[in-house]
Amino acid sequence: MSAISIKIRLPYQHLVAIGPGKADLLEAINQSGSISAGARAMGMSYKRAWDLVDAMNKSFREPLVATATGGSHGGGARVTPFGLDVLTRYRAMEAKANLSIAQDAEALASMLQPL
């Protein structure tokens, strides 16, 4: 893999609807079934993760993450089918973008000082 990569951010009003960190958080929530567990897996606070989820949910026409409050069966969160579609499309865009620059990125990286 090249030392160069493209970071894609989709702006919406004053927010970033989705970017690399939010995509990683969606994946962590999808794996854990919880915003707090997803946040822990990424080394971020629950508040930060909640704010990122809130920004994503406000940016898109449907929620990317659905939450359930606690109780006898506990709370949790799940990435919605719409959220999984957004995540899949975002990851495909990243892959296509990085593939499109791979040859030039390798050439440019070879011009760096040796370590």
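In case you missed it, the structure is sitting above this.
One structure accompanies this document, and this report is about it. (Residues numbered from 1 in each chain as written. Predicted model: local features only at pLDDT ≥ 70, side-chain atom pairs only at ≥ 80, totals over all residues. Heavy atoms only, no water.)

### Structural notes on the environment of Gly76
Put simply, the rule reads: Strands are runs of DSSP state E lasting at least 2 residues, helices are runs of H or I lasting at least 4, and numbering of each runs from the N terminus. Only protein chains enter the area calculation, which uses a 1.4 Å probe; residues under 20% of their type maximum are buried, those over 50% are exposed, and those in between are partly exposed. Two residues form a contact once any of their heavy atoms are found within 4.5 Å.
One can find Gly76 in strand β4 (residues 76-79). With a relative accessible area of 26%, Gly76 lands in the partly exposed category. In the structure, Gly76 is positioned 40 residues away from Ser36 in sequence and 8.6 Å away in space, judged by C-alpha atoms. Here Gly76 is in contact with Gly33, Ala66, Thr67 and Ala68, once residues within four sequence places are set aside.

### Thoughts on the pattern of salt bridges
Stated formally: The term salt bridge refers to a side-chain nitrogen of Lys or Arg lying within 4 Å of a carboxyl oxygen of Asp or Glu.
All chains considered together, the criterion is met by seven salt bridges. Linking Arg91 and Glu27 is a salt bridge whose minimum nitrogen-to-oxygen distance equals 3.0 Å. A residue pair is termed long-range when its members are at least 10 positions apart, and Arg91 in helix α4 (residues 81-109) and Glu27 in helix α1 (residues 20-32) qualify at 64 residues. Judged by relative accessible area, which is 21%, Arg91 ranks as partly exposed. Among the ionic pairs, Arg89 bridges to Asp85, the shortest N-O distance being 3.0 Å. On the criterion of helical spacing, the pair formed by Arg89 and Asp85 is a turn pair, its members being four residues apart in helix α4. On the basis of relative accessibility, which here comes to 55%, the residue Arg89 falls in the exposed class. Three or more residues are tied together by salt bridges with common partners; here these are Asp24, Glu27, Arg91 and Glu94.

### Side note on the packing of helix α2 (residues 35-42) against helix α3 (residues 46-59)
How we decide: With axes taken as lines fitted to C-alpha atoms, and helix axes fitted only over the stretch in contact, angles between N-to-C directions fall between 0 and 180 degrees. Oblique is the label for any angle not covered by the other classes, which are roughly parallel (under 35 degrees), roughly antiparallel (over 145) and roughly perpendicular (65 to 115). Left-handed is the label given to a crossing in which the near helix is rotated counterclockwise from the far helix by less than a right angle, and right-handed is the label when the rotation is clockwise. Here the nonpolar group is Ala, Val, Leu, Ile, Met, Phe, Trp, Tyr, Cys and Pro; Asp, Glu, Lys and Arg are the charged ones; every other residue, Gly included, is treated as polar.
At their nearest, the axes of α2 and α3 sit 9 Å apart, and the two run at 115° to each other. One finds that α2 runs roughly perpendicular with respect to α3. Handedness of the crossing formed by α2 with α3: right-handed. Contacts between α2 and α3 involve Ile35, Ser36 and Ala39 from the first element and Tyr46, Ala49, Trp50 and Val53 from the second. Classifying every residue of the contact of α2 with α3 gives six nonpolar, one polar and no charged.

Taken by themselves, the reported measurements are silent on function.
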